[in-house]
Amino acid sequence: MSNIQNKVVIITGASSGIGGATAKELASKGAKLVLAARREDRLKKLQEEIQNNGGQAIYKVADVSSREQMEELAAYTLEKYGKIDVLVNNAGIMPQAFLFKKKVDEWDKMIDVNIKGVLYAIAAVLPSMRERKSGHIINLSSVAGHNIYPGGTVYCGTKHAVRAISEGLRQEEAMSGTNIRVTNVSPGAVSSELLETTSDSEMKAGLDEFYKVAIDADNIARAISFAIEQPSDVGINEMIIRPTVQQG
Ligand SMILES: NC(=O)c1ccc[n+]([C@@H]2O[C@H](COP(=O)([O-])OP(=O)(O)OC[C@H]3O[C@@H](n4cnc5c(N)ncnc54)[C@H](OP(=O)(O)O)[C@@H]3O)[C@@H](O)[C@H]2O)c1
């Protein structure tokens, strides 16, 4: 039996891209999914697709930048399924621009979604995972969590923060003997709706060019699936997955 079978998995940002692909991949391996994002029509459609293919999924509309909604998401999962085995902390945005353009509202949003959202989701699931002495938290960082480039300053900052949070959480849980695994996933260019969150036309043109080599989100989904299906005493802590031809 797959080590994914019957695992209860919350996926934030499940309404498109990497989150959606991960939902389909894990559903095909027997996971019980809780799909979360803000666009209900997308979540409903994905739930139906998964169910039509014999998988199990429920959904909840939730904004990761709301601490209250993240607590509600965890409570809903516990009410419906009785446990949380895995959190795929995936929701994120990438409105990139040079700092001098002063898109301060976008900086705030990136910090709220990419950093606070990740922390709020961890805060919501950690108590029940610790109680059960079992769990797996998978955070989506990026190659932007390893590199820094002009125009990506704030986005890179948020993704470096995600990587720091992943490693800090891993060390805290390892020293506490809670059996909670932590995986930091750093994709390179992946086809998704992420570029649509960049409002700056100059930056967007550069990104469109850079993303011509982007790989499908399924490739990241399979990497996430690989991390989950390892035996419970094996932690896959860091994964970088780029297009073969991506240099930076
Ligand atoms: N694509 C890439 O090249 C790439 C590379 C490295 C890292 N990543 C990371 O991978 C993750 C997934 O991105 P993606 O490429 O799949 O992009 P995407 O297609 O734009 O998906 C992003 C998801 O996040 C959700 N989301 C955005 N703001 C949210 C909020 N406030 N509350 C809840 N959900 C929210 C969106 O759903 P709603 O709009 O319905 O809420 C959507 O489902 C992100 O963390 C991104 O930074 C992507």
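Residues numbered from 1 in each chain as written. Predicted model: local features only at pLDDT ≥ 70, side-chain atom pairs only at ≥ 80, totals over all residues. Heavy atoms only, no water.

Caption draft 1: Structural detail: the overall build of the protein chain. For the protein chain, the helix and strand inventory stands at 7 helices and 7 strands. Along its sequence from the N terminus, the protein chain presents helices and strands in the succession β-α-β-α-β-α-β-α-β-α-β-α-α-β. Taken over C-alpha atoms, the radius of gyration comes to 17 Å for the protein chain, in line with the 18 Å a tight globule of 248 residues would show. Of all intrachain contacts in the protein chain linking residues separated by at least 6 positions in sequence, the fraction that spans at least 24 positions is 71%. Carbon and sulfur atoms form 50% of the exposed surface of the protein chain, whose accessible area is close to 11500 Å². (Helix = DSSP H or I, 4+ residues; strand = E, 2+ residues; numbered from the N terminus. Rg over C-alpha atoms; globule rule 2.2 N^0.38 Å. Contact = heavy atoms within 4.5 Å. Areas by Shrake-Rupley, 256 points an atom, 1.4 Å probe, with all protein chains shown as cover.)

Caption draft 2: Expanded view of the pairing of strand β1 (residues 8–12). For β1, a buried count of 5 out of 5 residues is recorded, marking the element as mostly surrounded by other parts of the structure. Sheet analysis places β1 next to strand β2 (residues 32–37), joined by 5 bridges and oriented parallel. Looking across to β2, one finds that Val8 is bridged to Lys32. Sheet analysis places β1 next to strand β4 (residues 86–89), joined by 3 bridges and oriented parallel. Counterpart to Val9 in the pairing with β4 is Val86. (Buried < 20%, exposed > 50% of the residue type's maximum accessible area, 1.4 Å probe, protein only. Pairing = 2+ DSSP bridges.)

Caption draft 3: Structural context of the pattern of salt bridges. Applying the stated rule across the entire model yields 15 salt bridges. In this structure, Lys29 engages Glu229 in a salt bridge whose closest nitrogen and oxygen atoms are separated by 3.5 Å. With Lys29 in the loop between α1 (17–28) and β2 and Glu229 in helix α7 (residues 218–229), this residue pair connects regions lying 200 residues apart in the sequence. Across the salt bridge formed by Asp208 and Lys204, the nearest N and O atoms sit 3.1 Å from each other. On the criterion of helical spacing, the pair formed by Asp208 and Lys204 is a turn pair, its members being 4 residues apart in helix α6 (residues 201–210). Asp208 sits in the partly exposed class, given a relative accessible area of 35%. In this structure Lys204 comes out as partly exposed when scored by relative accessible area, which is 25%. Within the structure, one salt-bridge network assembled from shared partners comprises Glu25, Lys29 and Glu229. (Salt bridge = Lys/Arg side-chain N within 4 Å of Asp/Glu carboxyl O.)

Caption draft 4: View of the pairing of strand β3 (residues 56–61). The pairing of β2 with β3 spans 6 bridges and is parallel. Opposite Leu33, over in β3, you have Ala57 as the bridge partner. Once you follow β2 into helix α2 (residues 40–52) and on to β3, the crossover reads as right-handed. (Right-handed = clockwise from strand over helix to strand, strands pointing away.)

Caption draft 5: Up close: the packing of α1 against α7. Taken N-terminus to C-terminus, the directions of α1 and α7 make an angle of 50 degrees; their axes are 8 Å apart at the nearest point. Of the possible angle classes, the one that applies to α1 and α7 is oblique. The handedness of the crossing between α1 and α7 is right-handed. Contact with α1, carried on its side by Ile18, Ala21, Thr22, Glu25 and Leu26, involves Asp218, Ile220, Ala221, Arg222, Ile224, Ser225 and Ile228 of α7 and no other residues of that element. When its residues are assigned to classes, the contact of α1 with α7 shows 7 nonpolar, 2 polar and 3 charged. (Axes fitted to C-alpha atoms, helices over the stretch in contact; angles between N-to-C directions. Parallel < 35°, antiparallel > 145°, perpendicular 65-115°, else oblique. Left-handed = near helix turned anticlockwise from the far one by under 90°. Nonpolar A, V, L, I, M, F, W, Y, C, P; charged D, E, K, R; others polar.)

Caption draft 6: Inspection of the environment of Ile115 at higher detail. Residue placement: Ile115 occurs in helix α4 (residues 104–132). Note on Ile115: relative accessible area 18%, which makes it buried. Expressed as a C-alpha distance, the spacing of Ile115 and Val162, which sit 47 residues apart in the sequence, is 6.4 Å. Other than its neighbours up to four places away in sequence, Ile115 contacts Met110, Thr158, Ala161 and Ile165.

Caption draft 7: Quick peek at the nonpolar core. The biggest cluster of nonpolar side chains holds 41 residues, and the ones touching the most others in it are Ile10, Met70, Leu87, Ile122, Val125, Ile137 and Tyr211. It is α4 that provides the largest number of residues to this core, a total of 10 residues. Excluding its chain neighbours within four sequence positions, the residues that come into contact with Leu87 are Ile10, Thr12, Ala121, Ile122, Val125, Met129, His136, Ile137 and Ile138. Within the second largest apolar cluster, 35 residues are counted, among which are Ala21, Val88, Ile138 and Met239. (Core = buried A, V, L, I, M, F, W, Y, C linked by side-chain atoms within 4.5 Å.)

Caption draft 8: Examining the packing of α4 against helix α5 (residues 153–176) more closely. Orientation of α4 relative to α5, taken along the N-to-C sense of each, is 15 degrees, at an axis distance of 9 Å. The orientation of α4 relative to α5 falls into the category roughly parallel. Where α4 crosses over α5, the two elements pack in a sense that is right-handed. Here Trp107, Met110, Ile111, Asn114, Ile115, Val118, Leu119, Ile122, Leu126 and Arg130 of α4 come into contact with α5, specifically with Val154, Tyr155, Thr158, Lys159, Ala161, Val162, Ile165, Leu169, Glu172, Glu173 and Ser176. Among the residues making up the contact of α4 with α5, the classes are represented as 14 nonpolar, 3 polar and 4 charged.

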